[in-house]
Each structure stands twice: as structure tokens, then as C-alpha cells.
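For reference, the chains in residue letters:
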Amino acid sequence: MTDDKIERADMHEKSEIASIINIVSDAPGIDLATPPSKLDSLTLRVTAWLASQGLEGHGITPVPENRRTDNRLYQIFFVWFAANVNVLTFGAGSVGPAAFGLGMRDTFATIIVVDTIAVFGPKLGTRSMVQSRFSWGYYGAIIPSILNALSTQGYLIINCIIGGQTLSSVSSHLNPTTGIVITGLISLAVTFCGYQTLHWFEMLAWIPNIVAFIVMLGVGGKTLTNVPTVAPVPATPASILTFASALAVTDLSWSPLSPDYGIFHRDKGSGCVSIVPVHMLGAAFTAAAAYVPAWNAGLLGPNNVGGLVAAVLEPTGGFGKFLLVLMCLTTPSASAPAMYTVCTSFMTIASIFSRIPRFVFAIVSTAVLIPVGIVGATRFYATFVQILSFIGYWAAPFLGIVLTEHFLFRRSCWDRYSPEEAWNVPSHPNLPKGYAAIFTFVTSLGLVVVCMSQEWWTGPVARTGTGDIAIYVSFVYAVMMFSVVRTLEKRWWH
């Protein structure tokens, strides 16, 4: 082939790749100045074909403001409403009585104090961990990206365990493994399809859960009013604070996820969701189970939340079993957003990962969660508390850093970010060096160690009777320390 033909062939290939990139919206790491590798070409073609079928092809590149035009801000509400009105949130509320021995009164009081969550709206059009680069720096953000991927995978596993337990309660011929597999595969399907499908699923998934909870109150409400509200053994301050920490993390854990689900929506939205009612519902039925033999057998026999829900719905017969099936099938209302963020977090870790389509990470995530979920289901409450604690131990200082950067150093001004220009340029002046965030985070871990309380380790502060206060202490420390060291970083290295 002559040089002229080779040059024309290269130009044709570049033109074809450019048109594909336009279809899939972004292709980080692809440089049209050099011939794309065969892997890049194959990846882009597969992603472009999926996009042409109506599936999401967008990766982690920030969405420019002129493409953030979706006016359906109610979709963002339903993502969090559906994710919190399900059997997982019911299970989180049940942790107080089941794992910490709290009575209904003490559990309710803790829930009311802790349960408030607020999230930023889709102001920047960035994925959650891409946004963290503006406080942690390009390379520093690798740390929260890895931790977010791991902890969100853990949260995803909890979701699938509860889905499996709920389905297994329908019939003795089913077991949690079947439900875990089904829940995992539905989550994979929603995540595979992407952003629009996820929003559509969340707009419908809450309906059967609301019906089920109303029926549970109708069937068991009289029983709830007749049981003692105080536990036989008085609650200790340590048990209340430790439960409060676990409960707070069920709210806190959504914060590193929330930006992922508004990147194509208008930047006027912000949301506030309360999950108090479902937490309280789980706490009430679990606390009452100690006085109702049938409920107690459902909860403690296989050690599962689904067994308790099935026992409460038992008087409704076949209709109750139908509701149980629907509750299992809608468990992905919480697990699908978690899996989606696992994918985008991995894509943010390194540029080479950003070139891998999201659906590949979704498949890997599913392959991991199913066997781990099957094993974890045998010790549900221990698994639940430990995963939640791990999330809280890193997410509390992470949020302290991100919020301090936004409110103190960027003065709550979204124009000071310029994500389209800076997000993937380590030396850009809008990205910090990351020294302050890394120093703050690493030193906060020392406080976590001395203040935490787990089966495998109780720190000296927690042993004095405080309970697990690690997330509160580390958050406050992160805000104060980052304020100081970030000021020094801006002065010396900006």
C-alpha cells in the first residue's frame, strides 16, 4: 500500500472513531492525534452500538451545561425515595433492637435524632468521585475512589442479602441464595442499561413497598400498641451511640453516590429525603418480635429480616406472599444505584479504567456480590453492622474535607470549579495538589482507631463507655484540620 493510501486509511479510521465518540458522549484517554489501539476501537464500537439501542454510553467525563437540560427533577427525588422506602431501610431500623438490645422507645428516639439527609443538586454535571478531585486533587482522589468502590460494593451485598432473605420467606422450597442471585441479576440489568433506565425503575419500584408496609401496619398495628416500649434490660449510652453511628451511616452512605444521578438534569435541583418512617417501622416490628413468638421465630430462626416481614404478613395468606415477591424484586431500587456508583468509582481510579465501559465493571461487581452475599447471609446483623461501620469510618472525614472545600474555600460558588476544563488535568489551577486532603484523612484514621467499637477491635476511648463515636469525632477533626492545612497548601503550593 502506498503512503498516500495509508494516510487516507488512517484519516478514515480517525473520522470513524470521532463519529463514534460523538455518539457515546465521551471517551477519556482516546487521543485522535495518534491511531487508536484495537482495544480502544473495539470498546468504542461496542459502546456506540449499545448507545444506538437506547442504553447509556456516557462514562465519567463531566456533562457540559448545555446538555444538562432534563427538567424532570422529580426523577432525582424518586431515586432516593425508592432507595429508602424498601426492605433494606426496614432492616437498618431493626438493627437497634436486634443487634444492640434497644427497646422501641430508645430506638425511636435515636432514629428521630439521626435521620436527616440532604444532597447537593446536579450543579456540576460530574460523577461523584470526579467531583472529589476538586478537594482531594487529581491523584489524591484515587483514595476515596477506591474506598467508595469497595464500601458501595459492600452496601450492594447487604441489599442483595435482604432481597434473598425476603424471597426465601415465601416458600420452604426457596433459599436466600436464589433471592441473592435474582436481586443481583436485576441490579445488573438496570445498571447495564444505564442512567435513564435507572431513573425509570426508581419511579416505579417504591409502589409495592409502600403497599406492603401499609398492610403490615394494618395486620400488626394492634400488636405494636400492646407491647412494652422499653427493653427488659435498660439501654446503655454506649449501645445507643453505637446504634446511632450505624444508623447515621445508612444516611451518610448515600452522599458519595448522590452526584451520579443528576448529571443530565438541570442545575436548579436539590433534594432532601427523610427515611424516618421506614426506619421506625423496622425498629417497631423488631422490638415487638420479642413478645410475639411467630414474629420472633421468623426473625431469629434464619436470622433474617425477610423472615420477620413474612411472619407479620402471614395472616394475609397468598396476598402476603405476593407482596414478599414484589419486595424482593424491588430491592434493586437501592442496589442498582449502588452498583452504578461502584462502576463510576472504579472508572475514576485511573485513566486506563475510564476507557473500560461501565457494563464491564457491572458484570464483575455481580460476579463478586453473589458468592460473598451467600456467605454473609449466614451472619446478617454482624455483616450489616461491620459493613456500615467501614463506610462510616472513611466517609465521615471524606465529607468533612469535601464540604469544607466547597463552603470555606470555594465560598459555595459553583463557578469556581470549571469541571469541563479541569477534571482530567492534574496541573490545572482549579485542582488542588491534594496534600491537605491526604494529610487530613490519614491523620483522622488515628482517631477512628481509638474511638471505634467492633467485634474484632474496641478502641481505648470506646472502652470507657462512649460506644462507637469514631464517625462523629473524625468528621469534626477533618473539618478543623483541613481548614488549616488547606490554607497552608494554597499559600505554599498553589
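Residues numbered from 1 in each chain as written. Predicted model: local features only at pLDDT ≥ 70, side-chain atom pairs only at ≥ 80, totals over all residues. Heavy atoms only, no water.

Asks: It is not clear to me how the overall build of the chain should be interpreted in this structure. Could you clarify?
Replies: Each helix and strand counted, the chain has 23 helices and two strands in total. Within the chain, the fraction of its 494 residues that count as buried is 57%. Sequence separation of at least 24 residues holds for 82% of the intrachain contacts in the chain that already meet a minimum separation of 6. A total accessible area of about 20100 Å² is found for the chain, and carbon and sulfur atoms account for 67% of it. (Helix = DSSP H or I, 4+ residues; strand = E, 2+ residues; numbered from the N terminus. Buried < 20%, exposed > 50% of the residue type's maximum accessible area, 1.4 Å probe, protein only. Contact = heavy atoms within 4.5 Å. Areas by Shrake-Rupley, 256 points an atom, 1.4 Å probe, with all protein chains shown as cover.)

Asks: Help me out: how do you make sense of helix H14 (residues 305–313) in this one?
Replies: For an α-helix the count is 3.6 residues per turn, leaving residues at separations of three or four pointing the same way. A large share of H14 lies buried, amounting to nine of its nine residues. Residues of H14 that are buried include every one of Val305, Gly306, Gly307, Leu308, Val309, Ala310, Ala311, Val312 and Leu313, and no others.

Asks: Help me understand unusual backbone geometry, please; the structure alone is not making it clear to me.
Replies: The general pattern is negative phi for most residues beyond glycine and trans for most peptide bonds. Positive phi, normally seen in glycine, also occurs at arginine 411, with a value near 55°. The residue arginine 411 is located in the loop between helix H19 (380–409) and helix H20 (419–422) in this model. For arginine 411, a relative accessible area of 54% puts it in the exposed group. Even without being a glycine, serine 412 presents a positive backbone phi close to 60°. Mapped onto the secondary structure, serine 412 falls in the loop between H19 and H20.

Asks: What should I look at first to understand the side chain of asparagine 430 in this one?
Replies: Its place among the elements puts asparagine 430 in the loop between H20 and helix H21 (435–451). With sequence-adjacent residues up to four places away left out, asparagine 430 is seen in contact with Phe134, Arg410, Arg416, Tyr417, Ser418 and Ala422.

Asks: Even after reading the chapter, I still don't get the packing of aromatic side chains, so can you show me in this structure?
Replies: Two aromatic rings, taken as a pair, are described by how far apart their centres are and by the angle between their planes. For the coordinates displayed, the defined rule picks out 10 aromatic pairs. For the pair phenylalanine 134 and tyrosine 417, a centre-to-centre distance of 5.5 Å together with 65° between the ring planes defines the contact as edge-to-face. With phenylalanine 134 in helix H7 (residues 133–136) and tyrosine 417 in the loop between H19 and H20, this residue pair connects regions lying 283 residues apart in the sequence. Connected via pairs of aromatic rings, a cluster forms that spans Trp136, Trp394, Phe398 and Phe441. Across the ring face of tyrosine 417, the terminal group of arginine 410 is positioned such that the distance to the ring centre comes to 4.7 Å. Note that arginine 463 overlies the ring of tryptophan 457, its terminal NZ or CZ placed 5.9 Å from the centroid. (Phe/Tyr/Trp six-rings, centres within 6.5 Å; stacked < 30°, edge-to-face > 60°. Lys NZ or Arg CZ within 6 Å of the ring centre and 35° of its normal.)

Asks: Where do I start with a nonpolar patch on the surface in this structure?
Replies: A grouping of Trp200, Leu204, Ile207, Val211, Phe319 and Phe322 is seen on the molecular surface, where their side chains present a nonpolar patch of about 590 Å² in accessible area. Elements that contribute at least two residues to the nonpolar patch include exactly helix H10 (195–226) and helix H15 (318–329). The greatest single-element share of the nonpolar patch, amounting to four residues, is contributed by H10. The residue isoleucine 207 is located in helix H10 in this model. (Patch = residues over 30% accessible without salt bridge, like charges linked within 9 Å, V, L, I, M, F, W, Y side chains within 5 Å. Salt bridge = Lys/Arg side-chain N within 4 Å of Asp/Glu carboxyl O.)

Asks: Please explain the packing of H10 against H14 as it appears in this structure.
Replies: Any two packed helices are characterised by the angle at which their axes cross and by the distance between the axes. Contact pair H10 / H14: the axes reach a minimum separation of 9 Å and the direction vectors enclose 55°. Viewed along their axes, H10 and H14 adopt a mutual orientation that is oblique. Where H10 crosses over H14, the handedness of that crossing is left-handed. Mapping the contact onto sequence places Ala212, Val215, Met216 and Val219 in H10 and Val309, Val312 and Leu313 in H14. Among the residues forming the contact of H10 with H14, the class breakdown is seven nonpolar, no polar and no charged. (Axes fitted to C-alpha atoms, helices over the stretch in contact; angles between N-to-C directions. Parallel < 35°, antiparallel > 145°, perpendicular 65-115°, else oblique. Left-handed = near helix turned anticlockwise from the far one by under 90°. Nonpolar A, V, L, I, M, F, W, Y, C, P; charged D, E, K, R; others polar.)

Asks: How should the nonpolar core be read in this particular structure?
Replies: Counting 89 residues, the largest nonpolar core has Phe90, Phe285, Trp295 and Val309 as its most contacted members. When residues of this core are assigned to their parent elements, the largest contribution, 12 residues, is made by H19. For tryptophan 295, the contacting residues outside a window of four places in its chain are Gly220, Thr223, Leu224, Phe285, Ala288, Ala289, Leu308, Ala311 and Val312. (Core = buried A, V, L, I, M, F, W, Y, C linked by side-chain atoms within 4.5 Å.)

Asks: What's the story with the pattern of salt bridges in this structure? I'm lost.
Replies: Opposite charge on two side chains makes pairing possible when the charged atoms of those side chains draw close. Using the criterion set out here, one finds three salt bridges in the structure. Residues arginine 410 and glutamate 405 are paired through a salt bridge, measuring 3.0 Å at the closest nitrogen-oxygen approach. Across the pair, exposure class does not vary: arginine 410 and glutamate 405 are buried alike. Linking arginine 486 and glutamate 405 is a salt bridge whose minimum nitrogen-to-oxygen distance equals 2.7 Å. Pair noted here: arginine 486 is in helix H23 (residues 470–493) and glutamate 405 is in helix H19, with a separation of 81 residues, a long-range link. Since its relative accessible area comes to 5%, arginine 486 is described here as buried.

Asks: Can you walk me through the side chain of asparagine 159 in this structure?
Replies: Looking at the secondary structure, you find asparagine 159 in helix H8 (residues 142–168). By relative accessible area, which is 0% here, asparagine 159 ends up buried. Among residues more than four places away in sequence, those in contact with asparagine 159 are Leu88, Thr331, Ala334 and Ser335.

Asks: Sorry, what's going on with the state of the cysteines here?
Replies: Simply put, the disulfide is a covalent bond whose two ends are the sulfur atoms of two cysteines. Evaluated as defined, the whole model comprises zero disulfides. Looking at cysteine 328, it has no disulfide partner, and the nearest cysteine sulfur is the one in cysteine 160, 9.2 Å off. (Disulfide = S-S within 2.5 Å.)

Asks: I keep staring at the environment of leucine 241 and nothing clicks. Help me out?
Replies: By the element assignment, leucine 241 lies in helix H11 (residues 237–252). Each C-alpha atom, one on leucine 241 and one on glycine 467, is 5.5 Å from the other, the two residues being 226 residues apart in sequence. Residues in contact with leucine 241, not counting those within four places in the same chain, are Thr466, Asp468, Ile469 and Tyr472.

Asks: Explain the confidence of the model for the chain to me, please; I cannot follow it from the model alone.
Replies: Low pLDDT marks stretches whose predicted atomic positions should not be read closely. Averaged over all residues, the pLDDT of the chain is 78; the fraction at 70 or higher stands at 74%. Counting contacts from residues 27–33, a segment whose pLDDT is below 50, to residues more than four positions away or on other chains yields 18 contacts. Contacts for the low-pLDDT stretch residues 269–274, under 50 throughout, to residues beyond four places or in other chains number 15 contacts. (pLDDT = per-residue confidence, 0-100.)

Asks: Can you walk me through the packing of H8 against helix H18 (residues 358–376) in this structure?
Replies: Where H8 contacts H18, the axes come no closer than 9 Å and their chain directions differ by 60°. On the basis of their axis angle, the class for H8 and H18 is oblique. For the pair H8 and H18, the crossing hand works out as right-handed. Here Gln153, Leu156, Ile157, Cys160 and Ile161 of H8 lie close against H18, whose contacting residues are Ser365, Val368, Leu369, Val372, Gly373 and Gly376.

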